[in-house]
Amino acid sequence: QVQLVESGGGLVQPGGSLRLSCAASGGIFSIAVMGWYRQGPGKERELVAVKGSFGDGNYADSVKGRFIISRDNAKNTVYLQMNSLKPEDTAVYYCNVVAYWAGSRYEYWGQGTQVTVSS
């Protein structure tokens, strides 16, 4: 049973920083992409940042220059360093993993972690 365990959300003041972590476990193989999505109040879920096994990450325009995605492939863990946070970054953040195995595509989601940016 594949599990994605997220941590690091919370309440932070505007201009502050948070670091999210997501560890995948449970026999997941051949992870291709790990990333983060978010869903703000009254909004649809949107991509924040994704990253393949190697190379740079891809970011939503709204977070470029402020957020950094990184991976530890040996630990099947993805991180999201969020700097210069704004109230509009308030959302539930979801970890996402895409893996390929035996010709099939598998996609997994974390349970979500709340990030609230408020003074």
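Structure first, text after, so check above.
Chemist: An account of the pairing of strand β11 (residues 113-117) is requested, with residue identities and associated values reported.
Modeler: Remember that side chains alternate between the two faces of the sheet whenever the strand is regular. Only one face of β11 is covered, namely the one carrying T113, V115 and V117; the face carrying Q114 and T116 has none of its residues buried. In this sheet, β11 lies alongside strand β2 (residues 10-12) in parallel orientation, the contact comprising 3 bridges. The partner of L11 across the bridge, within β11, is T116. Two elements, strand β9 (residues 91-101) and β11, share 3 bridges in a ladder whose sense is antiparallel. Residue V92 lies in a different strand from β11, and its bridge partner there is Q114.

Chemist: Could you give an account of the environment of M82, with specific residues and numbers?
Modeler: Secondary-structure assignment places M82 in strand β8 (residues 77-82). Along the sequence, M82 and L11 sit 71 residues apart, while their C-alpha atoms lie 13 Å from each other. Those residues within four positions of M82 in sequence are excluded, and the remaining contacts are G16, S17, L18, L20, R66, F67, Y93 and V115.

Chemist: How would you sum up the sheet that holds strand β7 (residues 67-72)? Please name residues and give values.
Modeler: With antiparallel pairing, 4 strands are arranged side by side in an open sheet as β1-β3-β8-β7. In this open sheet, the two edge strands, each paired with only one partner strand, are β1 (3-7) and β7. Geometrically, the sheet is characterised by an average inter-axis angle of 15 degrees between neighbouring strands, direction not taken into account. As paired elements, β1 and strand β3 (residues 18-25) share 5 bridges and run antiparallel to each other. The residue of β3 that forms the bridge with Q3 is S25.

Chemist: Hey, could you go over the side chain of R71 for me, with residue numbers and the actual values?
Modeler: Within the element layout of this structure, R71 appears in strand β7. In this structure, R71 is buried with no salt-bridge partner, the nearest side chain bearing the opposite charge being D72 at 8.5 Å. A polar contact is formed between the side chain of R71 and the backbone oxygen of A32, at a distance of 3.3 Å. At a separation of 3.0 Å, a polar atom in the side chain of R71 contacts the side chain of N73. When near neighbours in sequence (up to four residues on either side) are disregarded, R71 contacts I31, A32, V33, M34, K51, G52, S53, T77 and V78.

Chemist: Tell me about the packing of aromatic side chains, residues and numbers included.
Modeler: All told, the structure shown has 1 aromatic pair when counted by the stated rule. Geometrically, the ring pair formed by Y37 and W109 is edge-to-face, given 5.1 Å between the ring centres and 65 degrees between the ring planes. Placement of the pair is Y37 in strand β4 (residues 31-39) and W109 in strand β10 (residues 104-109), with a sequence separation of 72 residues. Residue classification places W109 among the partly exposed residues on the basis of a relative accessible area of 36%.

Chemist: Go over the pairing of β7, please, and point to the residues and values.
Modeler: Side chains F67, I69 and R71 project from β7 onto a buried face, and the interleaved I68, S70 and D72 project onto a face without burial. Bridge analysis of β7 against β8 gives 6 bridges, and the strand direction is antiparallel. Considered in β8, the bridge of F67 is made with M82. Linking β7 to β8, which pair antiparallel, is a turn of 4 residues; within it N76 sits at a positive phi near 50 degrees.

Reading the values: the criteria
Residues numbered from 1 in each chain as written. Predicted model: local features only at pLDDT ≥ 70, side-chain atom pairs only at ≥ 80, totals over all residues. Heavy atoms only, no water. Buried < 20%, exposed > 50% of the residue type's maximum accessible area, 1.4 Å probe, protein only. Helix = DSSP H or I, 4+ residues; strand = E, 2+ residues; numbered from the N terminus. Pairing = 2+ DSSP bridges. Contact = heavy atoms within 4.5 Å. Axes fitted to C-alpha atoms, helices over the stretch in contact; angles between N-to-C directions. Lys, Arg positive; Asp, Glu negative; His and termini not counted. Salt bridge = Lys/Arg side-chain N within 4 Å of Asp/Glu carboxyl O. Polar contact = N/O pair within 3.5 Å; in protein donor to acceptor, adjacent residues only side chain to side chain. Phe/Tyr/Trp six-rings, centres within 6.5 Å; stacked < 30°, edge-to-face > 60°.

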